[in-house]
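# Observations on the three-dimensional arrangement
Each chain is listed here by its residues.
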Amino acid sequence: MDWGATVSSAWVIAILAGLCVAGAADVDSSEADWTARRAAMVQLLRRQGIRDEAVLSAMAKVRRHQFIPAPYRSRIGAYGDHPSPIGQGQTISQPFIVAYMTERLRLQPGEKVLEIGTGSGYQAAVLAELGAAVYTIEILPSLAEHARETLEAEGYDSVSVLCGDGYKGWPEHAPFDAIIVTCAPEDVPRSLVEQLRDGGRMIIPVGVGVQRLVVLRKVGDRVEQQDDLPVRFVPMVRENEEKRWP
Ligand code: SAH
C-alpha cells in the first residue's frame, strides 16, 4: 500500500473539511472584519500602482462581499487579490482589474456610463460611488436579477440594470460619456462605438483566448485606440449562443 498517498489524501480531506467549516462561518463575519479586509485590499491596490484617490475611496466603500452570492462568499476570498466565482460559471473581476479599468476611464461626477457584463453588480457600484449615472447590461437573467437586488439593497439608486444582449448597447440612453466592457468580444463592437459621445472613452478586453485591454477615444468620426494590459475575461457571448447554454 502506498502510505504516502493515503496520508496525503487524508490531509487533503482534512484541509477541505476545515475550509468548508470556515466557509460556513464566513457569512456571519462581522462588519468590522469585512471593513478591515477591505482596507487591506485598498492598501494592496496602492502598492499595485493605483493612484486615483477617488477610485481608491470608492473601493474602500463598496461592500464587495455583499455582491458575491452567499454560497460563494468567503472571508478570505471576498477581498482577495483574485477573481471570485459568482455562479453560472461567471466571476467577479480581481479588485486590481476593477480599479485599473475604472482609473483608466477617468470618470467625472455626473457622467453617464454604460457597462456591458453586470455580473455581480460590483463594478457598477464602484462606478456609482464615483458619482456616475450607470447603465449596465447582463445577458444572464439570474445574474441580472441578483445584481439588481444587491444594488438596490446597498442603496445604489443611480444604477439601472437591463437584462439583454450587450452587443446592442442601450440606445435609449445613448450617447454615453464612457463605456466599460467586462466580457471579451473578438473585436470592438461597432454598435458600442456608435453609442459613445464625441470625446467619449471606452475600455474593453478584446480577443479570443489571449486578450488585451483596449482603451479608445472617439474624436469626431475617428477612433483613437491604444493597446493596454494583457487580461483574461469571460467571452462576450451572442444572444443565440447564450440560449444554447445548458
Ligand atoms: N463586471 C462584473 C463581472 C463581469 S463577468 C462584476 O463586477 O461582477 C462578465 C459578465 O458578462 C458575465 O456575467 C456574463 O454573463 C456577461 N456577458 C457575457 N456576454 C454578454 C453579453 N453579450 N451582453 C451582456 N452581458 C454579457
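Residues numbered from 1 in each chain as written. Predicted model: local features only at pLDDT ≥ 70, side-chain atom pairs only at ≥ 80, totals over all residues. Heavy atoms only, no water.

### Description of the site of the ligand
In the vicinity of the ligand, 26 residues are found, and the nearest of them are Gly117, Ser120, Glu138, Gly166 and Val237. Glu138 is positioned with one of its side-chain polar atoms (N or O) 2.6 Å from an oxygen atom of the ligand. Thr182 is positioned with one of its side-chain polar atoms (N or O) 3.1 Å from a nitrogen atom of the ligand. Compared with its free state, where it exposes 590 Å², the ligand has 99% of that area covered by protein. Contributions of two or more residues to the shell around the ligand are made by strand 2 (90-92), strand 3 (112-116), helix 7 (122-129) and strand 4 (133-138). Broken down by element, the residue count for the shell around the ligand peaks at three residues, all from strand 2. Partitioning the shell around the ligand into residue classes produces 13 nonpolar, ten polar and three charged. (Near = heavy atom within 4 Å. Polar contact = N/O pair within 3.5 Å; in protein donor to acceptor, adjacent residues only side chain to side chain. Areas by Shrake-Rupley, 256 points an atom, 1.4 Å probe, with all protein chains shown as cover. Helix = DSSP H or I, 4+ residues; strand = E, 2+ residues; numbered from the N terminus. Nonpolar A, V, L, I, M, F, W, Y, C, P; charged D, E, K, R; others polar.)

### A few points about the packing of helix 6 (residues 95-105) against helix 7
Relative orientation of the contacting elements helix 6 and helix 7 amounts to 40 degrees, with a least axis distance of 11 Å. In terms of orientation, helix 6 lies oblique with respect to helix 7. As helix 6 runs across helix 7, the sense of the crossing is right-handed. On helix 7, the residues touching Val98, Thr102 and Leu105 of helix 6 are Tyr122, Gln123, Val126 and Leu127. A class-by-class count of the residues in the contact of helix 6 with helix 7 yields five nonpolar, two polar and no charged. (Axes fitted to C-alpha atoms, helices over the stretch in contact; angles between N-to-C directions. Parallel < 35°, antiparallel > 145°, perpendicular 65-115°, else oblique. Left-handed = near helix turned anticlockwise from the far one by under 90°. Contact = heavy atoms within 4.5 Å.)

### Description of the confidence of the model for the protein
When pLDDT is averaged along the protein, the result is 89, and 86% of the positions lie at 70 or above. Below pLDDT 50 for its whole length, residues 1-25 participates in two contacts with residues either more than four positions away or in separate chains. (pLDDT = per-residue confidence, 0-100.)

### Observations concerning the side chain of His65
Tracing the chain through its elements places His65 in helix 4 (residues 64-67). Of note is the side chain of His65, whose polar atom sits 2.7 Å from the side chain of Tyr79. Residue contacts for His65: discarding those within four places in its chain leaves Glu31, Trp34, Arg38, Arg73, Ala78 and Tyr79.

### Details of the nonpolar core
Counting residues in hydrophobic clusters, the biggest one holds 51 residues, and the most contacted among them are Met59, Val113 and Tyr122. Listing elements by their share of this core, those giving two or more residues are helix 2 (31-47), helix 3 (53-61), helix 6, helix 7, helix 8 (141-153), strand 5 (159-163), strand 6 (176-181) and strand 8 (211-219). Looking at this core element by element, the count peaks at seven residues for helix 6. When near neighbours in sequence (up to four residues on either side) are disregarded, Met59 contacts Arg38, Met41, Val42, Leu45, Pro95, Val98, Ala99, Tyr122 and Val126. Within the second largest apolar cluster, 19 residues are counted, among which are Leu114, Leu196, Leu216 and Met236. (Core = buried A, V, L, I, M, F, W, Y, C linked by side-chain atoms within 4.5 Å. Buried < 20%, exposed > 50% of the residue type's maximum accessible area, 1.4 Å probe, protein only.)

### Describing the pattern of salt bridges
Per the stated rule, a full pass over the model turns up 14 salt bridges. A salt bridge links Asp33 to Arg37, with the nearest nitrogen and oxygen atoms 3.4 Å apart. Of this pair, Asp33 and Arg37 both sit in helix 2, four residues apart, which is roughly one turn of that helix. The exposure class of Arg37 is partly exposed, given its relative accessible area of 24%. Here Arg46 makes a salt bridge to Glu53, at a shortest N to O gap of 2.9 Å. (Salt bridge = Lys/Arg side-chain N within 4 Å of Asp/Glu carboxyl O.)

### Focus on the pairing of strand 1 (residues 84-87)
Across three bridges, the pairing between strand 1 and strand 2 is antiparallel. Note that in strand 2 the partner of Pro85 across the bridge is Thr91. The hairpin turn running from strand 1 into strand 2, its antiparallel successor, is two residues long, and Gln88 in that turn takes a positive phi close to 60 degrees. (Pairing = 2+ DSSP bridges.)

### Observations concerning the packing of aromatic side chains
Two descriptors summarise a pair of aromatic rings, namely the distance from one centre to the other and the angle between the planes of the rings. In the structure shown here, the tally under the stated rule is five aromatic pairs. Here the aromatic rings of Trp34 and Tyr79 are separated by 6.0 Å at their centres, their planes lie at 55 degrees, and the arrangement is tilted. Of this pair, Trp34 sits in helix 2 while Tyr79 is found in the loop between helix 5 (75-78) and strand 1, placing the two residues 45 residues apart along the sequence. For the pair formed by Trp34 and Tyr79, the shared burial category is buried. An aromatic cluster of at least three residues, connected via ring pairs, comprises Tyr135, Trp170 and Phe176. (Phe/Tyr/Trp six-rings, centres within 6.5 Å; stacked < 30°, edge-to-face > 60°.)

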